[in-house]
Amino acid sequence: MGEAAFWFIVAVTLISALIVVSSRNLFYSAIALLFTFFGVAGLYIFLWADFLAGVQVLIYIGGILILILFGIMLTHKITSVDISHTSVQQGVGGIVVLLLFAALAWMIVRTPWLVAAAPEPPGTAGEIGKLLMTDYMLPFEVASVLLLGALLGAAVLSRKGN
Amino acid sequence: MNIFIQYALVIYLLPLAAFGIQIFLGKRLPRQGDWVSIGAVLTTLILALAMFAGMLLNYNPDFETRAAFTWIDQGAFQIRMGFLIDNITIIMLLVVALISSMSHIYSLKYMAGDPRYSRYYAFLSLFTFSMNGIILADNLVLLYMSWELVGLSSYLLIGFWFEKDSAANAGKKAFLTNRVGDIGFFIGILIFFTAIGSFSYGDIFAGVAAGKLTGTLLTLGGVGLFMGAVGKSAQFPLHIWLPDAMEGPTPVSALIHAATMVAAGVYMMVRLFGLMTHDTLLLVAYIGGFTAFFAATIAITRNDIKQVLAYSTVSQLGYMILSVGTGAYVAAFFHLLTHAMFKANLFYGAGSVIHSMHHALHKKKDHETDPQDMRNMGGFKSKMPITYWSMMASTLAISGVPLFSGFLSKDAILAGTLSFAGKYPQHFLLPVFGFGAALITAFYMFRLMYMTFHNQPRRPDIYREIKESPREMVFPLVLLATLCLFIFYTLPNVNPLSDEGWFSTLIVARDSVVPVEMGPVIASEIEEGMHHSHYPAMGISIVMVALGILLAWLMYLKRRLSPAAWADKLKPLYRLSAGKYFVDEIYAKYLYRPVLGLADRIGYLDWDLYDKYFINGFGRVTTWLSTLSGKLDYDGLDQGIIDGIGRVIRYFGAILRGLQTGRLQSYLLFALLGIIIILVFQTI
Amino acid sequence: MEQLNSYLIVAAILFCLGLFAVITRRNGVAVLMGIELILNSANINFVAFARFGGMNFSGQVFALFVIIMAAAEAAVALAIIINLYQNFKSINVDEAQQLQR
Amino acid sequence: MDNYQSLANFWPELIMVGTAIAAILMDLHYRRAQSYKVGYWVLAGLLLAQVAIFVQPREPLTLFLDSIAFDPFSRFFKTVIVLATFFILMVSPYSKELKHYRTGEYYVLIAVMVFGMFLMVSALDLIMVYLSIEVVSITSFVLAGYLRKERRSNESALKYVIYGAFSSGLMLFGLSILFGLTGTTKLFEIRSALGQLDGSANYALILSAILILAGFGYKISIVPFHFWTPDVYEGAPTTITAYLSVAPKAAGFAILIRFFHTVFTNGGALSAANWIGDTGLPWPQLLAVLSVVTMTLGNVVALQQTSVKRMLAYSSIAHAGYMLMALPLLSGEGLYAVMLYLVMYLFMNLGAFIVVIAVKNKTGEESFEAFRGLGWEMPLLGMVMTIFMFSLTGLPPTAGFIGKFYLFAAVIKAGPQFYWLAIIGVLNSVVSLYYYLRVMKMMFLVGEHKNILTTPTTMVTVVLICLAIPALVFGIFWSPVADWVNQSLMFFTQGM
Amino acid sequence: METHILSWLVWLPIVGMVAIAFIPRDKNEVIKIVAAVTTGLQLWLAVMLWLRFDATTGGMQFVEQAKWIPTFNIAYKLGVDGLSLPMVFLTPLLSFLAIFVSWNINKAVKGYFALFLLLDTGMIGVFLSMDFFLFYVFWEVMLLPMYFLIGMWGGPQREYAAIKFFLFTLVGSVLMLIAILALYFTCGQTFDIQLLVQTAPEALNGVLWWGISAIKVIWVLLFIGFAIKVPIFPLHTWLPLAHVEAPTAISVILAGILLKMGLYGLLRINYGMLPEAVWWFVGAIAVLGLINVIWGALCALAQRDLKKMVAYSSINHMGYALLGMAAVVAAGSIHGTNMGAAQAGLSGAIFQMFNHGTIAAMLFILVGVIYDRAHHRDINGFGGLAKQMPVYAGVVAVAFFAGLGLPGLSGFISEFMCFVGAFPVFRLIVIISTLGILLNAAYFLRAYQRIFFGKLNEKYSDLPDINGRELFAVVPLAVITLILGVYPRPFLDLIKETVTVIINHITLYGGSFVPLP
């Protein structure tokens, strides 16, 4: 895993993200999003979070992205060639976002982050699992309720008829 | 409580009771209750006579009795109410009771058949009550209160025939003009109270004597009090209400606007003479002297019989005020006494003529002709002999012809001015005013007599219907005409050229309490001087009077001189006189209208500008236009500060609401912007 | 250049790109994509902080929950968008402007 | 307390989860026409949860290894939430808007939302903070869009979901920075870690705090995170609008107070607490300015509205501003006042919205025009609305006055440097009078005097009276509420 | 007192209100009778209070105290002294009479009288409260019924007038709330008015806020609150509108009682708790009093609407009371401790409050009488009515002359005392404001002449004279005006000791007062 690989992944992530936000074609955006997610997963691996990378691929790409694609298809006639879309207030939005980025970048550079050396763990799934059963058991359970609620909500809203 | 106080209390309260009964029950009583008022006033007359008799029996110039109670007791702030009775009080009480009784009796016929007959008597009683309050007061508060109440009764009586706009206006004018004077009066009271801490005459005199109030403030206090007199006694420049007050019924004019109420100012000045500084008195003298002369010159050109008498009253009151100013305040009071008799009589006479004219016109169904205009009269002497002769007696008295009362009092006044001018030669103008007025007085009074009673009737049609007035009206005429003779004032002495007698014995000048370093006018010194100037004054005045009568005789009886030609020759002067020196017009232009305009403008400012202040300037034009068109309307919610602020708020609200575009992404953008703003705010 | 700051900068860029998408894209689905970018950027932060802060697994757990939540949220959001499409025949966010008075 | 032991003190939440599941099952059982009966099951569960809240031990604890707090403070807010939910559940079956839909899930979602809010008011871990807010958000997105055949409702849900996701994204980013600075997700540990930072990390701290504030601010709709409020409130079913304006707002205040107090102060007793801002961060001024801007904007824009519902939406923004006023003081009195205000606000705001429901049931409209002459036609409605409006304005003798009184008292007590805040606050309440009075004007002053009398549904009437009585009585005698608040705060002032 | 007479006074109207709530809405007569009986009983209680009042002490009497909200030191405390007694008497009196004035209300009778009784409680509560919090609550409680009474039963612009009134007063009262809280926290955390009067001057002594004395800040906040109610220029513009649009009975209450609350508050709170600031601010009070006098009179002179004229005359009359209040500094050493002037001024101000209450009430009732008959109030639109309505003309004359301060009627004495008191200190101001006396007369006489004198306007040749019910409402007021005008001691003796207490309190904290010209 050389530095080149890292920068490659960063480049893929960011360029595809740029396409996501700028493409006029919704499909292209969705496809680009796929690459972004992959890129992020790659970054996770660089960051010694292999389990998370797996989850990222599974849920984001296997779940969310598919949902998004469904969303695109359900809201546009599949035959329609024109699923392009436009943007608004790009100028102002761009300036605001750049300002914000400047603020963030300044913060990142100036702040003495908490840094501590640590050896690469052999695997992360076990540690995460342990945490989920101890410190974060409650959030784990709450997440299930959240999913229940979301499920129910999505069902209510998309149900046909009465 | 001695007998004088008891009598005074009855005299004071009885007319009030009559007023109450009349107002509430009057219409239901038999004869509409006139007997209640007349009974009350006659009782007061009897009591006043009794007091008068007591005074004569006592024969003590220093007689004085007081009674008072605590009216307001707020600890450090107290007002004591009470009566002060001395010889001046008693004489004044008698005058008021007498003239009031005469007016009551006179009115029995004069006012017969009036729809508000009982109301009229109620008001007369109210007046009597108030006037007695002025006379009896031993403190400035009761004086001021009665002073205002007199103003009220005068207002009610002048405007008694309120269906006539002129009468209603005259009443209002009288009240307001009087209030102008009263403001000064009030400020004077405030000055005295503030310095001395009491309202009672006794305390105030003692306080001034003790030097608690000195200097300019004392002068100003005196001027303030005098302003009250200026208003009430119709002195220049507040004289304007009195001629208008003739809109009231004639007995009222006789009682209130000739004999008593207008004399209240003089009475007050006589009472409080001791408080006046030299400077105050100078002002008093000049105002009085000028008024005497000034009003007389206006009287020359009046054609309305009551107007002549009204200006004559103003002029005579000026005499009295002049006399007070020169320190001869006893003479002033003496003139007050004699003037009350002859002037009331003159009014009754005039009333008798008018009454008769009224009947004549009524019979002829003539509603155009003015029953008071002397140009419609003439030759009435034969038809109304009693009226004529009694009026003639009064005319002689007022003109200052020997053997009549006016001669004595006027002589005293003129002697006083001479004496004063002798002491302070720079004020030579005062006697000039006095003697000049004497000449003119004689002239216009005889003019009145000649035009009314002598010559050929100018309107024979009316003349035919003229007849002598009924008994109730003639009786007062005769009685008062009798009282115009000098003898009643000089008893037990019978010397037509000297005023020595009971009056001069019982009423003596008291010295001012104003500290010597302020150079007070010492009344006794003036009195002393009067003895020396007595005969010169008499001589000059007789000459003047003779001249005046002669002039009138030539012009109006013998027609040797044509009044019209003379008027033409002296055109500017004539115009001034005929126009009453345009005082009313000047006031209207420079006083009433500006004040009313100011009020309008302030009202407008308050309501339409201030209240709408926050509204944008564009709205202002429209409101201005709407005000111009006489409408003070306002349009619904778009008004007021609140709305102004409300508008501003709503304006910003609209801007802020503009942020709520409904476009989601704008919201998000704004939120981000907000974050950046906060960030900047936080890091700076 | 495997340093904390490079990850943070990448995350920041991703975050800003996500924000940009959210505030500029008219299509509801595209806005949703932007939101996913934001969430991913935060996740990178978490994981990066976890890695460089002494291998603190809390960060990874946090990221895990975020991913779960993102899925749930995406489901609901898409349901809403589809529902809206059925009523409006459009999913352009700025056309949903009835509620602006 | 470890996970297993914690369960013993976790009953209210468990009951709500159980209720939700039971309700889903019951919903399967009912046919559409009866589906509203699910509401009664939820109601039963809610009451049971309240009983559990009531019988729980009083001393403060932390549960699930410092994941959530268990203390009177959270108990107070839970009770407030239960109360609000109770009234909404009572009224919902009688709202005509919902009549066209199967409402089983509606009640289930409310149950889930209550669960989420319970967690919100007690979260002590960044993950719990995030998750609980999301639970509440996601359920409320769905509820706002519940009238799926109505465009207004769709639109409201869309705006809500995007705004919500956006805000929580911002917050999440902020949380990640906080995590980066301290390396932990537990609030207590964060505080101690922050306590050791020198000033060099201030900037990051500020940035993260602002981003986190965006998340909380969106829940309680403070400027500039309020934009969703009017649109969502207007489009959502009125019952849900009423609910959103009270319960999540209370929960939002709870979490804001707890988070900021725990993380950003030195943690001393409240009366002596200081912002970490001893290092120079101008927190009080920021919050004071936000409060002023929020209340002013809410009031000023509310003046313009033509719909009562939307007017109430803005007024709820203004009220958030009032409550925010007491936070910068960082005094026990300030928190006390906010909590008391929330109780008072619960009654009057719910009441006002329920009147809107009743009017909409009758006229099908929510505009001011719909209220014309209603005071004559429905005297009871007019009377209770008068109470609510005057209470919202803050006039004695109503509960709203007491709420404001305590708020202003807290501000004044903090010293002359805050007088300007109090003066702006009171002047704002004068402005608010204007639009509240407009409702009165429409109901009583204009419109002819009709003699036809109608009343709303019995249950709505009962609920209205149940809300109006406290709105009035607490204006005269509020000692019980004050004592309750006091007890709920007592421990707080001694540190958690 | 064990009889709780004050509580009865306060809560009796509420009892009546509840009773009315249970009467069916179509039983109008019954409702009116219940209202009349309630206020009648209240009036009787007030008379009993008057009779049992001990005039030899300036302290609080009949004090009732109960705990209310102990955690905030809020108590239910009522009491009465010479300052409040006149108002406590006036309130039920005018309420009682106003019930009869509103007898021909026929729109929503039940609501009207219920609200009216609520208003009654609010008003009397303000005068009796000895707890600041309670005071504030009553102060605000009045607003609600007032809003509806003006807004529902008023004239054409009633909604606008009602909201304007409401907003104006609310601005004042919220500022007052701030001041109340500031006092509470700086002066020992109590709302007890009597206690604050003792502690506040010490506690606030030397306290600076932003470089300004705390006393001044609080004084100004309170002053604005009370000034709006008085109303003092330039915060007065709500008054003409509210008075004009309100139904007659409410105008009576507004002018008769509500305006007095401002002055009462100034005397009780500002003078009591912040005596030091009195010395600092008194010049402004005098100047404002002068402006009120002149401005009000000129505005009244400009009006064509009779009711508006009377409304402006209220502003004018309140100016005299302000002058009297300013006189209190005469007691300071700079003026040779002129206790007499201070006594005169302050007593005069309180007396003026009472007198204006009766006189303005009379005026408004009478305006209502003519409005009921002619359905307009344009001064120029009548003419010659004295002939058609002699009794009415007579009563109006009494009221007008009372209004213009004619001796023999009570208004004169109080104005006189105000002037006498203020003169030693504010010479120039008093001299200018005496012009007000003249203007007073001008606008009253002008109106009287236009309405009653001259030729009878044929339009009104069948106007009925004032009827018995209306006379019943006016005559008691006229009698009071007359009796107190002739012999004011029954009134003045009651307030004497309290006034002394106030003056002593203020001189005790006498600051450095620089006299104005």
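Preceding this section is the structure that the text describes.
A brief structural summary. It should be emphasised that the depicted structure is a prediction, and the values quoted were computed from it without experimental measurement. (Residues numbered from 1 in each chain as written. Chains lettered and ligands numbered in written order. Predicted model: local features only at pLDDT ≥ 70, side-chain atom pairs only at ≥ 80, totals over all residues. Heavy atoms only, no water.)

Overview of the interface of chain B and chain E
1) Next: Taken residue by residue, the interface counts 57 residues in chain B and 69 residues in chain E.
2) Next: Between chain B and chain E, roughly 5,600 Å² of surface is buried when both sides are summed, and carbon and sulfur atoms account for 71% of that area.
3) Next: We note a salt bridge from Arg 489 of chain E to Asp 73 of chain B, for which the minimum N-O separation is 4.0 Å.
4) Next: Taken together, chain B and chain E are joined by 13 residue pairs in polar contact (both at pLDDT 80 or more).
5) Next: Contributing elements (two or more residues each) for the side of chain B that touches chain E: strand E1 (64–74), strand E2 (77–86), helix H5 (140–158), helix H6 (165–196), helix H25 (583–610) and helix H27 (640–659) of chain B.
6) Next: Across the side of chain B that touches chain E, the residue classes tally to 37 nonpolar, 10 polar and 10 charged. (Contact = heavy atoms within 4.5 Å. Buried area = accessible area lost by both parts, 1.4 Å probe. Salt bridge = Lys/Arg side-chain N within 4 Å of Asp/Glu carboxyl O. Polar contact = N/O pair within 3.5 Å; in protein donor to acceptor, adjacent residues only side chain to side chain. Helix = DSSP H or I, 4+ residues; strand = E, 2+ residues; numbered from the N terminus. Nonpolar A, V, L, I, M, F, W, Y, C, P; charged D, E, K, R; others polar.)

Quick look at a nonpolar patch on the surface
All names here are of chain B.
1) Next: A cluster of nonpolar side chains, Trp 566, Leu 570, Leu 573, Leu 576, Phe 582, Ile 586 and Tyr 590, forms an exposed patch at the surface whose accessible area comes to about 670 Å².
2) Next: Secondary-structure elements contributing two or more residues to the nonpolar patch are helix H24 (571–578) and H25.
3) Next: In this structure, Phe 582 sits in the loop between H24 and H25. (Patch = residues over 30% accessible without salt bridge, like charges linked within 9 Å, V, L, I, M, F, W, Y side chains within 5 Å. Areas by Shrake-Rupley, 256 points an atom, 1.4 Å probe, with all protein chains shown as cover.)

Digging into the packing of helix H3 (residues 85–101) of chain E against helix H14 (residues 339–374) of chain E
Residues and elements named next belong to chain E.
1) Next: It is at 11 Å that the axes of H3 and H14 come closest, and there the two elements cross at 5°. Considering the angle they form, H3 stands roughly parallel to H14. Here H3 contributes Pro 86, Met 87, Phe 89, Leu 90, Leu 94 and Val 101 to the contact with H14, which in turn contributes Ile 350, Met 353, Phe 354, Gly 357, Thr 358, Ala 361 and Ile 365.
2) Next: The residue makeup of the contact of H3 with H14, split by class, is 11 nonpolar, 2 polar and no charged. (Axes fitted to C-alpha atoms, helices over the stretch in contact; angles between N-to-C directions. Parallel < 35°, antiparallel > 145°, perpendicular 65-115°, else oblique.)

Side note on the interface of chain A and chain C
Bring the parts together and some accessible area is lost; that lost area is often taken as the interface size.
1) Next: In this assembly, 77 residues from chain A lie in contact with 66 residues from chain C.
2) Next: For the pair chain A and chain C, the two sides together bury roughly 6,600 Å², of which 78% comes from carbon and sulfur.
3) Next: Between chain A and chain C we count 0 salt bridges in total.
4) Next: Our count for the contact surface shared by chain A and chain C stands at 11 residue pairs in polar contact (both at pLDDT 80 or more).
5) Next: The dominant element in the side of chain A that touches chain C, judged by the number of residues it contributes, is helix H3 (residues 50–75) of chain A, at 13 residues.
6) Next: Among the residues making up the side of chain A that touches chain C, the classes are represented as 57 nonpolar, 17 polar and 3 charged.

Observations regarding the pairing of E1 of chain B
1) Next: Note: E1 of chain B against E2 of chain B, 10 bridges, orientation antiparallel. Residue pairing for E2 of chain B: Asp 73 of chain B is matched across the bridge by Gln 78 of chain B. (Pairing = 2+ DSSP bridges.)

Brief notes about unusual backbone geometry
1) Next: In the segment running from Val 223 of chain D into Pro 224 of chain D, the intervening peptide bond is cis, with an omega of 0°.
2) Next: Of note, the amide linkage connecting Val 230 of chain E to Pro 231 of chain E takes the cis form, showing an omega dihedral of -10°.
3) Next: Assignment of secondary structure puts Pro 231 of chain E in the loop between helix H9 (214–229) and helix H10 (238–245).
4) Next: You will see that Phe 64 of chain D, though not glycine, has its phi angle at about 50°, which is positive.
5) Next: By the secondary structure assignment, Phe 64 of chain D is in the loop between strand E1 (61–63) and strand E2 (68–70).
6) Next: Within the chain, Gln 189 of chain E stands out as a residue other than glycine whose phi angle is a positive 50°.
7) Next: Here Gln 189 of chain E is to be found in the loop between helix H7 (158–186) and helix H8 (193–203).
8) Next: Judged by relative accessible area, Gln 189 of chain E falls into the partly exposed class, the value being 30%. (Buried < 20%, exposed > 50% of the residue type's maximum accessible area, 1.4 Å probe, protein only.)

Considering the packing of aromatic side chains
1) Next: Per the stated rule, a full pass over the model turns up 131 aromatic pairs over all chains.
2) Next: Aromatic side chains Phe 62 of chain C and Tyr 130 of chain D sit 6.2 Å apart centroid to centroid with 45° between the ring planes, which places their arrangement in the tilted category. Of this pair, Phe 62 of chain C sits in helix H3 (residues 57–88) while Tyr 130 of chain D sits in helix H6 (residues 126–144), which puts the two residues in different chains. For the pair Phe 62 of chain C and Tyr 130 of chain D, a shared accessibility class is recorded, and that class is buried.
3) Next: Each ring, one from Phe 100 of chain E and one from Phe 472 of chain E, has its centre 5.0 Å from the other, and the planes form 75°; the classification is edge-to-face. (Phe/Tyr/Trp six-rings, centres within 6.5 Å; stacked < 30°, edge-to-face > 60°.)

What about the pairing of strand E1 (residues 61–69) of chain E?
All names here are of chain E.
1) Next: Pairing geometry for E1 and strand E2 (residues 74–80), over 6 bridges, is antiparallel. Its bridge partner lying in E2, Gln 65 is registered against Lys 77.
2) Next: What sits between E1 and E2 in their antiparallel hairpin is a turn of 4 residues, with Asn 73 showing a positive phi close to 55°.

Some remarks on the packing of helix H5 (residues 132–141) of chain E against H7 of chain E
Residue and element names in this part refer to chain E.
1) Next: Taken N-terminus to C-terminus, the directions of H5 and H7 make an angle of 170°; their axes are 11 Å apart at the nearest point. If you check the angle between H5 and H7, you find them roughly antiparallel. Residue-level inspection shows Phe 132, Phe 135, Tyr 136, Trp 139 and Glu 140 of H5 in contact with H7, the latter providing Leu 170, Ser 173, Val 174, Met 176, Leu 177, Ile 180 and Leu 183.
2) Next: Looking at the contact of H5 with H7, its residues break down into 10 nonpolar, 1 polar and 1 charged.

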